[in-house]
Every structure is written in C-alpha cells, then in structure tokens.
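Understanding the architecture of this molecule
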Amino acid sequence: MLVYYFESRAVAGAKLAAELLNKYRYENTAVVALDSGGVAVGYQIAIYLHTTLQQLITENIHIDDESIDYATVLPEGVVAKNPNLTESEEQYYYSEYAGQLSDAIREASTRINRMLGDGGDIDAQALHGRHVILVSEGLASSTMLDAAVQWLKPTHVERIILACPIISVDALDRAHVLTDELHILGVTPNYISTNHYYDNDDAPDQEMVKKMINATIFGWK
C-alpha cells in the first residue's frame, strides 16, 4: 500500500484540488467537510472550484461500558447507527442502555442545533442536484462517511465524491460502496493517527473553521 505524508492539510487539499479541477470547475458542486481538519483540506478545493464550503457538524454516541460507538447524530435530527453493528447487537445495546442512549442522542441534537444557530448553518436540501464533495483530513474507519451518506440520502444529490488525503484499507473498501467517485492520495493498512501523516498540525479550531468557511468565496482562485 502507498502511504503518503503531507507537509500540511492545506498542501494535501491543493493536491486534491488539482485532481478535481478539470472535471468539476464548471459544475454545480459543494464541498462538505466531515471534520474540522477537513475544513482546512476542503478550503483549498472550494477556492479552486469556485464553490461553497460547509462543515457537517456531528457528534458520536459512545457506550463507555462496552467501548462501542453506537451511533452518529447529525443535523436535522438524523441519527445514523454504527454500520458495523449487526441488527441483534443494535437491539441488545438499545435494550440495555435505552434511557442513557435516548438522553445522549437528545443532548447531542441540542448541542448540534446550538452550533448550527451560531453560524454553522448547513442545509441538506440546498445540496439537491449538486455534486457533493465530502472531504476529510483522514479516515481510520468509514463510520463518519456512512453517517454523512445516510444524511444526504433523502436529498437526491447528483454525485457523492470523497476527497481524502489518507485513508485506511477498510475505510477505502467501504468508500467504494458508499460513493460515486474517490480521490484518495494515500492508503494505509495500519492507520496510526491522523496527525501522524502531517508534518504541521494545521487543523483549525472552531473559530478558525468559521473564518475559513466565511472567507471561501473571497478566496476563489
């Protein structure tokens, strides 16, 4: 497997933008970051493709007693169950932790709604008919990608494209099933940690995320 190391998320984003430019520069596209580091990667893609940049705000629901990720909560009340859980496992965990999970999901939805109201607006219906480029700084698993695709499903987008500098083998296999097109720079069978693959830790904090999203159109190349 070919593993890439990058000077920064901005440099990795510029490499991905170069791959996407000829095909999508004049298409109806939108860039949606799956994590804050993905905003730094996606900013480069958005300014070269002259399109919008948004972050999909999510929260993971973890069962500490079992060390299990049960679900991902997304905007608009969408709850995506962990795709790695079988139906019987999901039912078992819900029966064992019903009250705890219900409370955690409700509280996560409240926090997401609060963040959306604080300048983090993202509207799935505004993506209707567009080529949606999902961007992450790195995917060790496909959980976030599964959740994003489930959130997009009712919207009827034109194509779902994944752009990601580094990804695990397992996540790549799942991405082939979930998306219409892949732009991946590096693949590793032993994903260590996302920061490991970047020389500079340029993942933006929440304040910088807002600034980058708001500045995208003014930065168009």
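Preceding block: the structure.
Overview of the structure. (Residues numbered from 1 in each chain as written. Predicted model: local features only at pLDDT ≥ 70, side-chain atom pairs only at ≥ 80, totals over all residues. Heavy atoms only, no water.)

**Description of the environment of V3**
Operational definition: Only DSSP runs of H or I with at least four residues qualify as helices, and only runs of E with at least two residues qualify as strands; both kinds are numbered from the N terminus onward. When a residue's accessible area, from a 1.4 Å probe over protein chains only, is under 20% of the maximum for its type it is buried; when over 50% it is exposed; and in between it is partly exposed. Here a residue-residue contact requires only that any non-hydrogen atoms of the pair lie within 4.5 Å.
Inspection of the secondary structure puts V3 in the segment before α1 (9-24). By relative accessible area, V3 is classed as partly exposed at 28%. Remark: the alpha-carbon pair of V3 and Y48, spanning 45 residues in sequence, is separated by 25 Å. Those residues within four positions of V3 in sequence are excluded, and the remaining contacts are I166, V187, T188 and Y197.

**Description of α1**
Short version of the rule: Helix span, as expected, comes to 1.5 Å for every residue beyond the first. The bend reported for a residue corresponds to the angle between axes fitted to the seven residues ending at that residue and the seven starting there.
In this model α1 runs 21 Å from its N-terminal to its C-terminal C-alpha over 16 residues, within 8% of the 22 Å that 1.5 Å per residue would give. Of all bends in α1, the biggest is about 30°, found at A18. All of the buried residues in α1 are R9, A12, G13, L16, A17, L20 and Y24.

**A word on unusual backbone geometry**
With a phi close to 55°, H50 is a non-glycine residue in the positive phi region. With respect to the helices and strands, the residue H50 is situated in the loop between α2 (36-49) and β2 (52-55). Among the residues examined, H50 registers a relative accessible area of 25% and is labelled partly exposed. Of note, E76 is a non-glycine position whose phi angle comes to about 65°, a positive value. Looking at the secondary structure, you find E76 in the loop between β4 (68-73) and β5 (79-81). For E76, a relative accessible area of 49% translates into the label partly exposed.

**Comments concerning the side chain of T72**
Note on placement: T72 falls in strand β4. Relative accessible area serves as the criterion here: at 5%, T72 is assigned to the buried category. Residues contacting T72, with those up to four places away along its chain left out, are T58, E59, N60, V78, V79, A80, T143 and A147.

**A short note on the pattern of salt bridges**
The test is simple: When a carboxyl oxygen of Asp or Glu lies within 4 Å of a side-chain nitrogen of Lys or Arg, that pair is called a salt bridge.
Taken as a whole and judged by the stated rule, the model has nine salt bridges. A salt bridge links E137 to R9, with the shortest nitrogen-to-oxygen separation between them at 2.6 Å. Of this pair, E137 sits in the loop between β6 (131-135) and α5 (143-152) while R9 sits in helix α1, and the two are 128 residues apart along the sequence. When sorted by exposure, E137 lands in the same class as R9, which is buried. Taking the shortest distance from any N to any O, the salt bridge between D201 and R9 comes out at 3.7 Å. One end of the pair, D201, is in the loop between β8 (181-188) and α7 (206-215); the other, R9, is in helix α1, with 192 residues separating them in the sequence. On the basis of relative accessible area, D201 is assigned to the exposed category, the value being 57%. Three or more residues are tied together by salt bridges with common partners; here these are R9, E137, D201 and D202.

**Let's talk about the sheet that holds β4**
Note the threshold: Being paired, for any two strands, means DSSP has found at least two bridges between them. Here an axis means a line fitted to C-alpha atoms, over the contact stretch when the element is a helix, while the angle between two N-to-C directions is reported on a 0 to 180 degree scale.
Judged by pairing direction, the sheet is antiparallel, and its three strands sit side by side in the order β3-β4-β5 without closing on themselves. The sheet is open, and its two borders are formed by β3 (59-63) and β5, each paired with just one other strand. Here the strands of the sheet are splayed against their neighbours by 30° on average, with no regard to which way each runs. In terms of strand pairing, β4 meets β5 through three bridges, oriented antiparallel. Bridge pairing in β5 places T72 opposite A80. Where helix α3 (residues 87-96) meets the sheet, it contacts β3, β4 and β5, and its direction lies at approximately 85° from that of β4.

**Focus on the nonpolar core**
Selection criterion: The term nonpolar core refers to a set of buried residues drawn from Ala, Val, Leu, Ile, Met, Phe, Trp, Tyr and Cys, joined through side-chain atoms within 4.5 Å.
Core analysis: the largest hydrophobic core is formed by 44 residues, its most contacted members being L56, L127, L134, W151, L152, L162 and I167. Counting residues per element, the ones that place at least two in this core are β1 (29-33), β3, β4, α4 (98-117), β6, α5, β7 (159-168) and α6 (169-178). Top element by residues in this core is α5. It accounts for seven residues. Among residues more than four places away in sequence, those in contact with W151 are L56, L74, P75, E76, V78, I122, A124 and L127. Counting residues in hydrophobic clusters, the runner-up holds 28 residues, among them A12, Y43, A163 and L185.

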